[in-house]
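# Structure assessment
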Amino acid sequence: MTETEKYLFDVHGYLVIKGALSAEEVAAANAAIDHHAAKIQIRPNDLAHGSKTLEGKTGRGDLGGILTWEKPHCEVFRQMVVHPNITPYLEELLGPGFRLEGLGIITMEKGAEGFWFHEGGTPYDRSRFYHYHNGRMYCGMTNVAVQLTDVGPGEGGFACLPGSHKANYACPGEIRLYEAHQECFAQIPAKAGDAILFAECLMHGALPWEGKHQRRSVINRYNSGVVAEGLMGTYTQPPFYAELTEAQQAVISAPRYRHEFAKDEEVRTTIAARAKG
Ligand SMILES: O=C(O)CCC(=O)C(=O)O
């Protein structure tokens, strides 16, 4: 994570990682979704929460179970959970040994409703926080929304209130419902293959989808290695565990205590210095 990226993430609570996936990876993910399109579950218009500005003609689509799909369709999603273009950002925010909390695909057809703006740092949630301490950022749940189709300016989809990950006061209801101060929100244009990295405690949601094409976003949710909001089912390994690479197994794992490597190194340096006299 470059110094500029750190600055932008700290200030905004999100960052667009451009070109996180290659064109081949985007194509493989889209082919896999096309193959499983019949499994997309359209929600019963339950996300706008009565907002007049977020309501739509249809619900958003949800598609799950992607890591269990038959080969080759599961492979690109398994690669995505520990992708070399994404892992360094997660290590910066969550520390080494971060773990996957859950994942799924969001689809939206033209006219699909938005999602009311949730989270936002108040009330404070011990698993979904953001703070800066001893020269580095610390995040609770952190998400990577990998875009599989282009999102143009004004087309809707993921949106947030930049900076709200640091909020201290409760958010007024009409702002959460996108009925006041809309000018403060950011809708995030992106190209297929870009990934939106965001702190879950950033107030975020979605605007109704205006694009002619289907919106497709893979959302991978992570937390630090010691935290679990869910257990990927249970503490038992998922049935496909043996098929995963070592790196994939490490993120699809039960929460456990992990030493902070920096601290270990400091101790080792002190001991080495004393040994030299
Ligand atoms: O990208 C979206 O549609 C919003 C997703 C969202 O708010 C969430 O998953 O919590």
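A brief structural summary. Throughout this description, residue numbers start from 1 for each chain and increase along the sequence as written. Totals for whole chains, interfaces and linings use all residues, but because this is a predicted model, local features are given only for residues with pLDDT of at least 70 and pairs of side-chain atoms are given and counted only at 80 or more.

What follows covers the overall build of the chain. Counting secondary structure elements, the chain contains 7 helices and 13 strands. Against the 2.2 N^0.38 benchmark of 19 Å for 277 residues, the chain shows a C-alpha radius of gyration of 20 Å, consistent with a compact globule. Overall size of the chain, expressed as C-alpha extent along the three principal axes, is 75 × 45 × 35 Å. Neighbour density around each residue's C-beta defines its exposure: 20 or more other C-beta atoms within 10 Å make it buried, 12 or fewer make it exposed, and counts between make it partly exposed, where C-beta atoms are placed from the backbone. A burial count over the chain gives 36% of its 277 residues as buried. Any pair of residues counts as being in contact when their C-beta atoms, constructed from backbone geometry, are within 7 Å of one another. Sequence separation of 24 or more characterises 86% of the internal contacts of the chain that already satisfy a separation of 6 or more. Helix and strand definitions here come from DSSP, where helices need a minimum of 4 consecutive H or I residues and strands a minimum of 2 consecutive E residues; each element is numbered from the N-terminal end. Two things to know: the radius of gyration comes from C-alpha atoms, and the globule rule equals 2.2 Å times the number of residues to the power 0.38.

A word on the pairing of strand S11 (residues 195-199). Judged by how many residues are buried, S11 sits mostly within the fold: 5 of 5 residues are covered. The side-chain alternation of S11 yields two buried faces, one formed by Ala195, Leu197 and Ala199 and the other by Ile196 and Phe198. Note on pairing: DSSP must find at least two bridges between two strands before they are called paired. Bridge count between strand S1 (residues 14-17) and S11: 4 bridges; the pairing is antiparallel. When the bridges of S11 are listed, isoleucine 17 appears paired with alanine 195. Of the strand pairs in this sheet, strand S8 (residues 142-147) and S11 are connected by 5 bridges, and their pairing is antiparallel. Within S11, the residue paired with valine 146 across the bridge is alanine 195.

Spatially, the 4 strands line up as an open sheet ordered S5-S12-S9-S10, and their pairing is antiparallel. This sheet does not close on itself; its edge strands, each paired only once, are strand S5 (115-118) and strand S10 (186-187). Where strand S9 (residues 157-160) lies against S10, 2 bridges are found, and the strand directions are antiparallel. Each residue of the ladder has a partner; that of alanine 159, found in S10, is glutamine 187.

This paragraph deals with the sheet that holds strand S4 (residues 99-108). Spatial strand order, S1-S11-S8-S13-S4-S3-S2: 7 strands in an open sheet with antiparallel pairing. Every other strand in the sheet has two partners, leaving S1 and strand S2 (41-42) as the edge strands with one partner each. Taken together, the 9 bridges between S4 and strand S13 (residues 215-223) define a ladder with antiparallel strand orientation. Along S13, the bridge assignment pairs isoleucine 106 with serine 217.

The environment of the ligand is made up of Ile106, Phe115, Ala145, Phe158, His204, Gly205, Ala206, Ser217 and Ile219. If you list the elements that add at least two residues to the shell around the ligand, you get strand S12 (204-207) and S13. Sort the elements by how many residues they give to the shell around the ligand and S12 lands first, with 3 residues. Throughout this entry, Asp, Glu, Lys and Arg are counted as charged residues, while Ala, Val, Leu, Ile, Met, Phe, Trp, Tyr, Cys and Pro are counted as nonpolar. The remaining residues, Gly among them, count as polar. Partitioned by chemical class, the residues of the shell around the ligand number 6 nonpolar, 3 polar and no charged. Should the C-beta atom of a residue, placed from the backbone, lie within 6 Å of a molecule or strand, that residue is near it.

Bringing helix H4 (residues 87-94) into the picture now. Buried within H4 are the following residues: Tyr89, Leu90, Leu93 and Leu94. What you see down the axis of H4 is that its buried residues fit within an arc of 105°, all on one side. The elements touched by buried residues of H4 are S1, strand S7 (136-139), S8, S11 and S13. Looking one or two residues past H4, glycine 95 carries a phi angle of roughly 90°, positive in sign. An arc is given here, and it is the one of the directions from the helix axis to the C-beta atoms.

Between lysine 71 and proline 72 the backbone carries a cis peptide bond, its omega angle lying at 5°. Inspection of the secondary structure assignment puts proline 72 in the loop between strand S3 (61-63) and helix H3 (75-81). With an omega of -5°, the peptide bond between threonine 122 and proline 123 qualifies as cis. Mapped onto the fold, proline 123 is located in the loop between S5 and strand S6 (130-133). For histidine 181, which is not glycine, the phi dihedral falls at a positive 55°. Following the sequence through the fold, histidine 181 ends up in the loop between helix H5 (173-176) and S10. For histidine 181, a count of 11 C-beta atoms within 10 Å corresponds to the exposed category.

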